[in-house]
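Topology and contacts: notes
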Amino acid sequence: SYLKGKRVAITGANRGIGLSLAKELVAQGGKLVAIVRSSSEELDALKPEEVITGIDVTSDEACDTIASKISGGPIDILVNNAGYFYEPVEKSTHS
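Residues numbered from 1 in each chain as written. Predicted model: local features only at pLDDT ≥ 70, side-chain atom pairs only at ≥ 80, totals over all residues. Heavy atoms only, no water.

**Looking at the overall build of the protein**
Selection criterion: Secondary structure elements follow DSSP: runs of H or I of four or more residues count as helices, runs of E of two or more count as strands, with numbering from the N terminus. Each residue is placed in one exposure class: buried if its accessible area under a 1.4 Å probe, protein chains only, is under 20% of its type's maximum, exposed if it is over 50%, and partly exposed if it falls in between. It only takes one pair of heavy atoms within 4.5 Å for two residues to be counted as in contact.
Within the protein one finds five helices and four strands. Along the chain direction, N to C, the helices and strands of the protein fall in the order β-α-β-α-β-α-α-β-α. Within the protein, the fraction of its 95 residues that count as buried is 31%. Sequence separation of 24 or more characterises 50% of the internal contacts of the protein that already satisfy a separation of 6 or more.

**Considerations on the pattern of salt bridges**
We apply this condition: Definition used for salt bridges: Asp or Glu carboxyl oxygen within 4 Å of a side-chain nitrogen of Lys or Arg.
Using the criterion set out here, one finds four salt bridges in the structure. Where lysine 23 meets glutamate 42, a salt bridge forms, and the shortest distance between an N and an O atom there is 3.1 Å. One end of the pair, lysine 23, is in helix α1 (residues 16–27); the other, glutamate 42, is in helix α2 (residues 41–45), and 19 residues separate them in sequence. Overlapping salt bridges, with partners in common, bring together Arg7, Glu49 and Glu50 in one network.

**Structural notes on the sheet that holds strand β2 (residues 31–35)**
As a reminder, the rule being used: Strand pairing is defined by DSSP finding a minimum of two bridges between the two strands. A fitted line through C-alpha atoms serves as each axis, taken over the contacting stretch for helices, and the angle formed by two N-to-C directions is quoted from 0 to 180°.
Sheet architecture is open: four strands sit in the order β3-β2-β1-β4, paired in parallel fashion. At either end of the open sheet lies a strand with only one pairing partner, and these are β3 (50–52) and β4 (77–79). With strand direction ignored, the average angle separating the axes of adjacent strands in the sheet is 20 degrees. Bridge count for strand β1 (residues 7–11) against β4 is three bridges, and the pairing is parallel. The residue of β4 that forms the bridge with alanine 9 is leucine 78.

**Topic: the nonpolar core**
Using the following cut-off: The definition of a nonpolar core used throughout is a set of buried Ala, Val, Leu, Ile, Met, Phe, Trp, Tyr and Cys residues joined through side-chain atoms within 4.5 Å.
Of all hydrophobic cores here, the largest spans eleven residues; its members are Val8, Ile10, Ala13, Leu19, Ala22, Leu25, Leu32, Ala34, Val36, Leu43 and Leu46. Those elements that provide at least two residues to this core are β1, α1 and β2. Top element by residues in this core is α1. It accounts for three residues. Residues within four places of valine 8 in sequence aside, it is in contact with Leu3, Leu25, Lys31, Leu32, Val33, Ile77 and Val79. Among the nonpolar cores identified, the runner-up in size contains seven residues, and Ile35, Ile52, Ile55 and Ile70 belong to it.

Structure representation (structure tokens):
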């Protein structure tokens with residue numbers, strides 16, 4: 001597999017699509033670096049190489065700390081899965 005041995009950082013890896021991507025990555029032999037607000041039992045069961053917690057992608061300050069929290073070496077692939085609704089758009093679609 002192309003992913004075997006690759007260090008792959010996945011934002012939002014603790015649930016939903018991010019967790020599904022993390023499961024597939026691990027199944028393919030990749031090394032998971034999970035970047036999340038908080039971990040989950042399902043994520044922990046995957047035995048990630050690293051779990052970076054406390055990251056809220058809506059906070060520039062939190063995102064500025066990510067690189068300094070990764071300790072196991074360089075990242076080969078970044079999957080920027082976590083996201084948020086931009087508030088004015090969210091309000092206008094739910095009005």
